[in-house]
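So you can see what is in the structure, the chains are spelled out below.
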Amino acid sequence: MYGNICGDITEFLDKNRRDMPIILREAYCFAAYLLLKDIEVNNTDILAGKWNWEENNGMKSPYPRGTYREIEEMQQCEICSKTDFLEIRDAIHMGLLVRSPGGHVVPGYDLFLNTGFDKTIEKIKKYIRSDREQKEKLNFYKSQLIVMKAAQECILRYAKEAERKGNKEIRNNCEWIAHKVPHNFYQAVQLLWFMHEFAKDDTQGIVISLGRIDQYLYPWYKEDKEKGIITYDKAFEIMQELWKKLAQQDHGFQNIILGGKDHEGKDVCNDLTKICMECTLKRRTEQPSLSLRIHNNMPEEIWDKAFQLICTGIGMPSLFNDEICVLAKMNSGVSREDAENFSVVGCVELTIGGQEFSHTEGLRINWLKVMELMLNNGTCLITDRKWSLKHSYRLDDINSFKDFFDWYVEELLHVTEKACIFIDNADKIYSFHWPTPFISSLMEGCLESGLDVTAGGTKYNNLSVNNAGMANVVNALQAIEDIVFEKKIVNITEIPKILECNFEGYEELRNKIVACPKFGNNIESVDLKLENLIRILCEYIGKLRCHRGGKFQAGFYSVQVHGTMGELTGASMDGRKSRTALASSLSPTQGSDVNGPTALLNSLKDLPMDKFGNGMVLDVKFTPDFMRNQRHVNAVKNLVKVYFANGGMEIQFNVIDKMTLLKAQATPENYYDLIVRVSGYSAYFVALSKTLQDEIIQRTELS
Amino acid sequence: MIYVTNIQRFSLDDGPGIRTTVFLAGCNMRCIWCHNPETFEKVNLLYDDELCIKCGKCVVVCDRGVHLIENRKHIINRTKCKNCFKCVEVCAQKALKSNSKIYLESELEDIIMEDEDFYKMSDGGVTFSGGEPVLQSSELVNIFKFLHEKKVDIVIETALNYEFEMIEKLAEFISVFLIDIKVIDRKKHIDCTGMDNKKILQNIDALIKMQKRIWIRLPIIPNINMTLDDIRDVGAFFNHKQIEHIELLPYHKMGIYKYRLCGYKYKLNDSVEVPDREYMDKIFAELNKYDVSIMEGYMD
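Let us look at the structure shown here. Note that the structure is predicted; figures quoted are calculated from it, not measured. (Residues numbered from 1 in each chain as written. Chains lettered and ligands numbered in written order. Predicted model: local features only at pLDDT ≥ 70, side-chain atom pairs only at ≥ 80, totals over all residues. Heavy atoms only, no water.)

1. Examining the overall build of chain B
Right, on to step 1. Scanning chain B from terminus to terminus reveals 11 helices and 12 strands.
Right, on to step 2. Projecting the C-alpha coordinates of chain B onto the three principal axes gives extents of approximately 60 × 50 × 35 Å.
Right, on to step 3. In chain B, of all internal contacts separated by at least 6 residues, the share reaching a separation of at least 24 is 70%.
Right, on to step 4. In the structure as shown, chain B presents an accessible area of about 13,800 Å², 50% of it carried by carbon and sulfur atoms.
Right, on to step 5. Distance between charge centres in chain B, computed from 41 positive and 47 negative side chains, equals 6 Å. (Helix = DSSP H or I, 4+ residues; strand = E, 2+ residues; numbered from the N terminus. Contact = heavy atoms within 4.5 Å. Areas by Shrake-Rupley, 256 points an atom, 1.4 Å probe, with all protein chains shown as cover. Lys, Arg positive; Asp, Glu negative; His and termini not counted. Charge placed at Lys NZ, Arg CZ, Asp CG, Glu CD.)

So, in structure tokens, the structure goes:
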């Protein structure tokens, strides 16, 4: 078969690639890559395998990707009209919408480890024999056979190389797992790495996460331990090798989620849960990303281990509330049983490993831009491009805050509607141009349906709508209510001019705006505005369906996009200057939460997080010496417990480094919320004198 | 009406668990090392020269001639100031501020109750500190009753420099007393705080007799209030007494800038340095010879 594939590939590469059905072309490209890529095994290696993105780049699809490319393709495929095409293109140019689609999946490594190559190939062949009639399905089955054989062959290449280098252990492992189900923990880890390496090859490095590895690897560990052929320390050593492989890619968003409950509600933490955290504790690499599922019966030992890791300042693990995450996935159309098996992909997106394909980074809406467009009759202040508003009201027709708020809601939903239609249309291109046959081979349902995962082959097929700039918008709405409609300090018709000037000449007014209540301080009027907007939005998108049959699910996290969107957004009524960052994720605007973390968590308490099917981020910052004190660590633990008991979904802790403190010293206006431990008490960093700030900076450096 | 300089939520160093610490304005002692000089007076004007842009709005609005701007220098004549704070209202830079804010009892109760869930989870509660919080005891009584009914744990940090009756009426609501002891030697106490400590030491004994939970806090200002002789005095005074522990608070300079804001002179000599570990360990070892429990981690 090796000869066969190789022959086909040579022929294929020589001929015109575009003549072949796309799914076969992608499968052959993938196979060619695996059969030709450089492999390396040294005789001291514990695990074989290497992932190299630069090398891979260009080997794959002849179609370049990217958002603009995508909308051009849409137009060519006559999926959208010229007008829609131009409007969406402008919306992306002006930073109203941002899109980075594709990938973002937790492949079903779990299922594959328990099936192995031979059985999987047998199953595919059965489908080929039984379904000869339907050409398209047949092509898909063939693609599955090609990628499986290629993967198998690639593992055997590693075996040969191991043989050549005298590494018998790797040779034996590779020869075994190229056909059969791993027969020990060591082999299971090796096979997991290979499948992950190939999955990344298939998607050109777009985010692939690993899911619940402490759960699906555990049966092998348990059996080996019972047989007496592995110890905790030996497993730790093997897992560290996996960590080294994962660390080959910086910012790879290779998320691993640990812990959680089983279907009976029993805690499932085990030795591997601890080993995974210890690997990161020892190696201190930012990859893989670690997440932890938290519930009421999680053992104290796991809490302690998690906080030991958090206290290093590495920002991991992110903590997820099991109960709310399960509800959120059920609200995205997932059955309870599957939802209870949720994982995290990328940053914080909730997904079902091996069963869900939801383009979790497929869309992000800039809430603040929506307001800018309203105030300027649909024109962007930065790029001068146009957006057609639902209602082109004249500002002097807006007579009350309620008028303005209701209008904002309508425009936000209008943008959301258009954006959802757009991403659903864009999604249609994927099966034509960028199918991922290898990922499909790891997804439940693809063989049964005979469809690639990009064509809706797997069990759950949602699309995701992420949001940015929420805190800016509610702060701006609050300022408009207070300053324009209640105190009547300024007329609404003057606002566009003031914002266009970037508050120059209006400093006193800006001070008044800054002094208005801000989200994140446990102030009802402003917190309630966010709650209302989010409820309306979630309810709206909850009713939409996408062409692959799934739902639209909301996400409230912003990765780095709040920065890029901010650069494209003019000055705003929350007092924010033009072209500066939006608030990050669900966090308050930079430096505006001055009442501490308890107030912040109270502000978030009533948000309907059980509707956040695509996840959220809440980032809380501490200085290193704050977390050195055990009483403080316990307090932070209790903070999490209260937040989760009140329905919180996610929280993560960042320990501030020296650079951040230097920035705070230079631009204090963005860091009013930064609390540092002085001596026996905590203080706001920016309120301290320069000398003391210097002392704290120095201390941070030492720790 | 309660005069408050600051409310710190998620306060972790003033009693058990997660707490809200309310710093009350006004104090009847003047410890020369105090790091919260803005709590000396109930009402006081704060001015930060680093924030002031010399716009002169305060000069215009003040009818008592407190503010003067000459050669881009802002001079404040505090003796003329009656704390009307018209200048604070017009200061867009927030260079002028009041040291305290007046709260209605119900307002303060509402703020405290916001974090009830956190107190419950962490065995925390509210701490009243200052300043000397007991100076506002008649107003505090009502708040204490309310909080007690709501089962919110109450801690008080006090220097006990007043008639015992003042704390007696609050005592039934308080779970832990954080008592600041400055120095045992009477003459030295007068030198360092401007006050005799006879009443303070009597009040401690009276509280101990009431079988209250007591945590002692000792500021350690090297060679000023806590020489080895002084720490022996402390050890001897608390030897065998029913207190839960003694906490050592090493001197720090984090509050000196606030003297500038208040317009006070910082009386402690510049040469007084933050105690190093060696000094603190010596103090600890000396105190440890007595039958008292000492809180560890004083250098963290």
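2. Remarks on the sheet that holds strand 2 (residues 19–24) of chain B
All names here are of chain B.
Right, on to step 1. Pairing in this open sheet of eight strands is mixed, and the strands run 7-1-2-8-9-10-11-12 from one edge to the other. The outermost strands of the open sheet, each flanked by one partner alone, are strand 7 (101–103) and strand 12 (245–250). Along the sheet, successive strands turn relative to each other by an average axial angle of 30 degrees, direction set aside.
Right, on to step 2. Examined bridge by bridge, strand 1 (residues 2–11) and strand 7 share three bridges and lie antiparallel to one another. Note on strand 7: the bridge partner recorded for Val-4 is Lys-101.
Right, on to step 3. Contacts from helix 11 (residues 277–287) reach strand 11 (213–220) and strand 12 within the one sheet, and its direction differs from that of strand 12 by about 160 degrees. (Pairing = 2+ DSSP bridges. Axes fitted to C-alpha atoms, helices over the stretch in contact; angles between N-to-C directions.)

3. Overview of the pattern of salt bridges
Residues and elements named next belong to chain A.
Right, on to step 1. Overall, the coordinates contain 58 salt bridges over all chains when judged by the stated rule.
Right, on to step 2. The shortest N-O distance in the salt bridge between Glu-301 and Lys-274 comes to 2.9 Å. With Glu-301 in helix 15 (residues 300–310) and Lys-274 in helix 14 (residues 271–283), this residue pair connects regions lying 27 residues apart in the sequence.
Right, on to step 3. Given a relative accessible area of 15%, Lys-274 falls into the buried group.
Right, on to step 4. The partner of Lys-543 in a salt bridge is Glu-539, with the nearest N and O atoms 3.7 Å apart. In terms of burial, Lys-543 and Glu-539 fall into one category: exposed. (Salt bridge = Lys/Arg side-chain N within 4 Å of Asp/Glu carboxyl O. Buried < 20%, exposed > 50% of the residue type's maximum accessible area, 1.4 Å probe, protein only.)

4. A short note on the environment of Asp-191 of chain B
Residues and elements named next belong to chain B.
Right, on to step 1. Relative to the helices and strands, Asp-191 is located in helix 7 (residues 186–193).
Right, on to step 2. According to the relative accessible area criterion, Asp-191 is partly exposed, its value standing at 49%.
Right, on to step 3. For the pair Asp-191 and Ala-159, spaced 32 residues apart in sequence, the C-alpha to C-alpha distance is 16 Å.

5. A word on helix 25 (residues 524–542) of chain A
Residues and elements named next belong to chain A.
Right, on to step 1. Its 19 residues give helix 25 an end-to-end C-alpha distance of 26 Å, which sits within 8% of 27 Å, the value for a rise of 1.5 Å per residue.
Right, on to step 2. Where helix 25 is concerned, the buried positions are Val-526, Asp-527, Lys-529, Leu-530, Glu-531, Leu-533, Ile-534, Leu-537, Cys-538 and Ile-541.
Right, on to step 3. Check the buried side of helix 25 and you find it contacts helix 18 (367–375), helix 19 (401–433), strand 8 (463–468), helix 22 (470–486), strand 9 (552–555) and helix 27 (596–604). (Expected span 1.5 Å × (residues − 1).)

6. A few points about the interface of chain A and chain B
In many analyses, interface size is given as the accessible surface area lost on bringing the parts together.
Right, on to step 1. Counting from both sides, the interface comprises 34 residues of chain A and, opposite them, 22 residues of chain B.
Right, on to step 2. Interface of chain A and chain B: buried area, both sides summed, is about 2,600 Å²; carbon and sulfur atoms make up 58% of it.
Right, on to step 3. Applying the counting rule to chain A against chain B returns three salt bridges.
Right, on to step 4. Notably, a salt bridge pairs Asp-117 of chain B with Lys-605 of chain A, separated by 3.9 Å at the nearest N-O pair.
Right, on to step 5. Looking at the side of chain A that touches chain B, the element that brings in the most residues is helix 28 (residues 630–645) of chain A, giving eight residues.
Right, on to step 6. Across the side of chain A that touches chain B, the residue classes tally to 14 nonpolar, 13 polar and seven charged. (Buried area = accessible area lost by both parts, 1.4 Å probe. Nonpolar A, V, L, I, M, F, W, Y, C, P; charged D, E, K, R; others polar.)

7. A few points about a negative patch on the surface
Right, on to step 1. Residues Glu-524 and Asp-606 of chain A together with Glu-107, Asp-110 and Glu-114 of chain B make up a contiguous surface patch of negative charge.
Right, on to step 2. No other element matches the three residues that helix 3 (residues 105–114) of chain B contributes to the negative patch.
Right, on to step 3. With respect to the secondary-structure elements, Glu-114 of chain B resides in helix 3. (Patch = residues over 30% accessible without salt bridge, like charges linked within 9 Å, V, L, I, M, F, W, Y side chains within 5 Å.)

8. Let's talk about the environment of Asn-472 of chain A
Residue and element names in this part refer to chain A.
Right, on to step 1. Tracing the backbone through its elements, the reader meets Asn-472 in helix 22.
Right, on to step 2. Along the primary structure Asn-472 and Ala-150 are separated by 322 residues, whereas in three dimensions their C-alpha atoms are 50 Å apart.
Right, on to step 3. Of note is the side chain of Asn-472, whose polar atom sits 2.8 Å from the side chain of Asp-574. (Polar contact = N/O pair within 3.5 Å; in protein donor to acceptor, adjacent residues only side chain to side chain.)

Treat this as a map of the structure, not an account of what it does.
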